[in-house]
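Structure assessment
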Amino acid sequence: MKGDFSRNTFDPKKHYSNVLMQQGRVHLDADWNEQQAIVTCRVETEARDVIGKCGGPLGGAGFGLVAKPDGTLVIGKGRYYVDGILCKNEQDAAYKDQPDLHEPPDIPSLLKEADTALGIVYLDVWKRHITALDDRLIREVALGGPDTATRVQTVWQVKVLPVQSAGDSSELQELIEVRKELLQMLMELEEAGAGADQIAEVKAKIEEVEAAIIASLGRKSCADSFPEWTDLISPPEGKLTAQTTVADDDDNPCLLPPSAGYQRLENQLYRVEVHRPGPRGQATFKWSRENGSVVTPIEKFNGKEVTVTSVGPDAVLGFSNEQWVEVIDDKRELDGAPGQLVQIANVDPGTRIITLKVAPAAIDSRYNPKLRRWDQTGDDATAGGVRILTGLHDLEGGIQVQFSAAHYKTGQYWLIPARTATGEIEWPPFEVPNTSPEAVPPLGIHHHYCRLGIVRLKDNDLRVIQDCRTIFPPLASPALRVERISWRNDDLMSISRFAEEGLRMALSGTPDSRTIDSSTMIVTAEVSYREGDSQSEVPLNHSLILHGSISVHGNIIHWQWDQGTNPDGPSGAGFLAVNSLAAIQDPRIIRLRVVLKGHVVWGDFGQRRLFLDGQAFGRPDLRGVDNSVRTALELPSGNGERASDFESWFFLGTEGDTPEPLQVRTVRFISVRETGEQPSSAGDINVPPVPSVPPVFKAGERINVVEIEFNRAVSPEGMKPNGEPQSIHVDRVDQAGNLDKIFGDIQLVDEHKARFLVQDPSRFPKGNFLLTILGEDRDVDPGVRAQDDGSLLDGDFDDDPGADFRLEFRAV
């Protein structure tokens, strides 16, 4: 934030919840700003914990994408949250007419330049500092228009990231041509007033062809990992160390050498900001002793002469000869691009004309051009900025900075408060004198990203092939909700897994077990009808209600197929229809439909009885076996109804069609001593479900090993002894919920079993802990993958790979 501030005092690690003013005290801008930062951090953290990284409210979700026939991409109105930050789009807007992204690149041209037809449409969200120079309504004209407080604006920009696809094939070209012919046929039928059945038949064929097109594109799913996306969202690696010059050795300890510490006579807030991006050695920076707050609007350009609104009140807060200034405007700032650095030749206060040594490039007056002062001097200061090199850079007054070896981005900045009272700068670890300064990451600008959809370009025909948004129902809905199911809707499940594990559903609360029985949870098998011993099918379906034993464990409903008690008997039609499935070439002849009756399933919570709101809305997704299109369900369920049924379906497949998802089966806590291994009193933790009450063991047991057993063989990546990165993390959790990493080593005991070994002499002391097994790649740490097919860990047991497994435990 380039403002006239004294310093930035907010530090989330201090866990402050309020700033309290006292009577008769001096009021400082830093106190006010810290209170606002505390509130913002609290609100955004809460939203992120409740909603997740990305999400839009059911009924009000915005930023849906629609590709029109003329090639225009429309961004839907509504709300969406990115890392807890609320983004609002007040009205449907064309991609090229976004309020915070002027003249975005043309999507077809962007994809063609990248030699690809596939692109991820995403939200780039960040916060921008706004002053009265950017918004004139901030000034109060009744008081003469003084410069008072500033604002922070949430900027959202919809952008397109080209990604590489599998390429076009002859089959894909044929499918595209067929789709065009069907669309033309549909238009002609609608214009001719054809019958509804005929139109419906053509639409069904179009859907089949579009599904085949999607399946032939190769990598294209919202859930896929793209290297281009990983590069985009990678956090900044560069760090800065700031210090003051070290005093020379002197025999007299009572004398302070004039060259020691901060030497200027004024308190300052120094800003060090990256100008040109790139690695150390190529990137450049600029700095200001006034936090970059000396800035003035540009009224007119005339070659080297620039007419400005004001040249400043004095030499300290104004402009003077030989200073470096940056010509910048809103478009460059919103694009994250640096302005043009030029040097002042002469300042004429009477005419408000600043003559530059070099005529700046043409600036569009529509984008609010400004002139901002920077304070670098000497031979290192150039039109490209000060080159970031190895070693210390001298600023002024004894302040020195050093950049780590990393890649830097334009706009990243650090603030350095310098104080004359201590003759030192305020920099971690905030010692006086600060003899061991720490390297810290930039304060900003922090960009937050979320995928909105995937687009495909063919012959300048832009189509949205998948919606990547996550939709969530209102939490205030007075009802139970279905949060997870152990199968994938509209997908395949193997017969053996269905018979052995049954079906599990997790609700948002504990239902009354008396309401869960065969009359309220109904599992129906829908099979093709065959007459007698004939192998030919007739166009009818035969529905069989499968009987099963139902149990309720907390919020988990478990339905287990009871093969011997089917209404037809052990050898009846229902039993034979399912068990003879291996002989059927097309396994999707048998479809299972699961219904949970919302009007008669309830739970009592205090004085309130809540019924099940089971409405779950569908979204397009891909099947795990053949990448064909399926209908996934948005969970948790709920549409603001007091009661409604939950319904889902899936297909039974032959062995090998649907590999069992990679899941955690058992967690053990072990003490390894000289006398051998001794299991913890907490016992084995069998999952699922993850226990609602954290397991507890005694700190005196000297537990130093956490053993995890998986249901399938896992890849050794991230589980190598003495290796980094690691796929298993253990953290200590303090009272404020902050995590403190426990260092340990990972050992793969066998293909199914891994161990986290706490480094000696550490043990688990008294406290709360969190075991996390990564279900997706996290920075440099890889997600846990199955050894045979590379599928990611299903850590939340929803039958959908790519989620972390988390287990809280305690030592007392």
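These numbers come from a predicted model, not from an experiment.

Take the overall build of the protein next. Within the protein one finds eight helices and 51 strands. The 812 residues of the protein split such that 46% are buried. Sequence separation of 24 or more characterises 68% of the internal contacts of the protein that already satisfy a separation of 6 or more. About 40,600 Å² of surface is accessible on the protein, with carbon and sulfur atoms providing 50% of the total.

Attention shifts here to the side chain of Arg630. Summarising the element assignment, Arg630 is placed in strand 39 (residues 629-633). In this structure the side chain of Arg630 is engaged in a polar contact, spanning 2.6 Å, whose partner is the backbone oxygen of Asn489. Residues in contact with Arg630, not counting those within four places in the same chain, are Arg488, Asn489, Asp490, Asp491, Arg619, Pro620, Asp621, Leu622 and Arg623.

This brings us to the pattern of salt bridges. One pass over the full model with this rule turns up 42 salt bridges. Note that Glu526 and Arg591 form a salt bridge whose closest N and O atoms lie 2.7 Å from each other. Taken together, the residues span a long stretch of sequence, with Glu526 in strand 31 (residues 521-530) and Arg591 in strand 35 (residues 591-596) at a distance of 65 residues. Using a relative accessible area of 12% as the deciding quantity, one classes Glu526 as buried. The class for Arg591 is partly exposed, based on a relative accessible area of 26%.

Looking at the element boundaries, Ile354 is found in strand 17 (residues 353-356). Spatially, the C-alpha atom of Ile354 lies 9.0 Å from that of Asn321, the residues being 33 residues apart in sequence. Look past the residues within four positions of Ile354 in its chain and what remains in contact with it is Lys304, Glu305, Val306, Val308, Val311, Phe319, Ile344, Asn346, Val347 and Leu371.

A few words now on the nonpolar core. One finds Phe710, Phe764, Leu771, Ile773 and Phe805 to be the most contacted residues of the largest nonpolar core, which totals 33 residues. Setting aside residues up to four positions removed in sequence, Phe764 forms contacts with Phe697, Ala699, Ile703, Val706, Val730, Ile742, Val758, Phe769, Phe809 and Ala811.

Turning to the state of the cysteines, a few remarks are in order. Inspection of the entire model under this criterion finds one disulfide. Shown here is the disulfide that connects Cys54 with Cys450, its sulfur atoms set 1.4 Å apart. One disulfide, between Cys54 and Cys450, carries an S-S torsion of -80° and so falls in the left-handed class. Here Cys450 lies in strand 25 (residues 448-458) and Cys54 lies in strand 1 (residues 54-57), a separation of 396 residues in the sequence. Take Cys54 and Cys450: they sit in the same class, and that class is buried. Cys87 carries a free sulfur, and the closest cysteine sulfur to it, the one in Cys450, is 8.4 Å from it. Classification of Cys87 by relative accessible area gives buried; the value is 1%.

The subject of this paragraph is helix 1 (residues 29-51). Over its 23 residues, helix 1 runs 33 Å from end to end, which matches the ideal 33 Å to within 8%, given 1.5 Å per residue. Of the positions making up helix 1, those classed as buried are Ala30, Glu34, Gln35, Ile38, Glu44, Ala47 and Ile51. Buried residues along helix 1 sit in contact with strand 1, strand 4 (78-82), strand 5 (85-89), strand 7 (118-130) and strand 27 (471-472).

All right, on to unusual backbone geometry then. Residue Pro428 is joined to Pro429 through a cis peptide bond whose omega torsion reads 5°. One can find Pro429 in the loop between strand 24 (424-425) and strand 25. Cis geometry marks the peptide bond from Gly444 to Ile445; its omega dihedral reads -5°. Considering the arrangement of structural elements, one finds Ile445 in the loop between strand 24 and strand 25. Unusually for a residue other than glycine, Asp83 sits at a positive phi of about 50°. Among the structural elements, Asp83 can be located in the loop between strand 4 and strand 5. Located in the positive-phi region is Asp490, a residue other than glycine, with phi close to 60°. Within the secondary structure, Asp490 sits in the loop between strand 28 (482-485) and strand 29 (492-494).

As a further point, take the sheet that holds strand 2 (residues 65-67). Backbone-to-backbone hydrogen bonds pair the strands of a sheet. The strands run either parallel or antiparallel. A sheet is described by the order of its strands in space; here three strands give the open sequence 2-3-6, paired in antiparallel fashion. Strands at the two margins of the open sheet, each flanked by one partner only, are strand 2 and strand 6 (93-94). Across three bridges, strand 2 lies against strand 3 (residues 73-75) in antiparallel orientation. Looking at strand 3, one finds that Ala67 is bridged to Leu73.

Okay, the packing of aromatic side chains next. Counting across every chain of the model gives 23 aromatic pairs. Judged by centre distance (5.8 Å) and plane angle (40°), the ring pair of Trp487 and Phe650 falls under tilted. Here Trp487, found in the loop between strand 28 and strand 29, pairs with Phe650, found in strand 40 (residues 646-653); they are 163 residues apart in sequence, far enough to count as distant. Residue Trp487 is classed as buried on the basis of its relative accessible area, which comes to 1%. What makes Phe650 buried here is its relative accessible area of 0%. A network of ring pairs unites the aromatic residues Trp487, Phe498, Trp559, Trp561 and Phe650 as a single cluster. One residue, Arg271, lies across the ring of Tyr413, its end atom 3.9 Å from the ring centre.

Rules used throughout
- In this numbering scheme, every chain counts its residues from 1 along its sequence in written order.
- Given that the model is predicted, a residue must reach a pLDDT of at least 70 before its local features are reported, and side-chain atom pairs must reach 80 or more before they are shown or counted; all residues, however, enter totals for whole chains, interfaces and linings.
- No hydrogens and no water enter the side-chain calculation; it runs on all heavy atoms of the structure.
- Helix and strand definitions follow DSSP, with helices as H or I runs of at least four residues and strands as E runs of at least two, each counted in order from the N terminus.
- Three labels apply to residues, based on accessible area from a 1.4 Å probe with only protein chains included: buried if under 20% of the type maximum, exposed if over 50%, partly exposed otherwise in between.
- Between two residues, a contact is recorded if the distance between any of their heavy atoms is within 4.5 Å.
- Computed by Shrake-Rupley with a 1.4 Å probe, the accessible areas treat only the displayed protein chains as cover when residues are assessed.
- For the purposes of these results, a polar contact is taken to be a pair of N or O atoms within 3.5 Å, where, inside protein, one atom must be able to donate a hydrogen and its partner to accept one; residues adjacent in sequence count only when each atom of the pair is a side-chain atom.
- Salt bridges are counted wherever a side-chain nitrogen of Lys or Arg sits within 4 Å of a carboxyl oxygen of Asp or Glu.
- Side-chain atoms within 4.5 Å are what join buried Ala, Val, Leu, Ile, Met, Phe, Trp, Tyr and Cys residues into a set we call a nonpolar core.
- Two cysteine sulfurs form what is called a disulfide whenever their separation falls within 2.5 Å.
- Expected helix span is taken as 1.5 Å per residue step, with the number of steps being one fewer than the number of residues.
- Strand pairing follows a simple DSSP-based rule, namely that at least 2 bridges must link the two strands.
- To pair, rings of Phe, Tyr and Trp, with the six-membered ring standing in for Trp, must have centres within 6.5 Å; the planes then decide the type, stacked if under 30 degrees apart, edge-to-face if over 60, and tilted in the middle.
- Our definition puts a charge over a ring when NZ of Lys or CZ of Arg is within 6 Å of the ring centre and also within 35 degrees of the ring normal.

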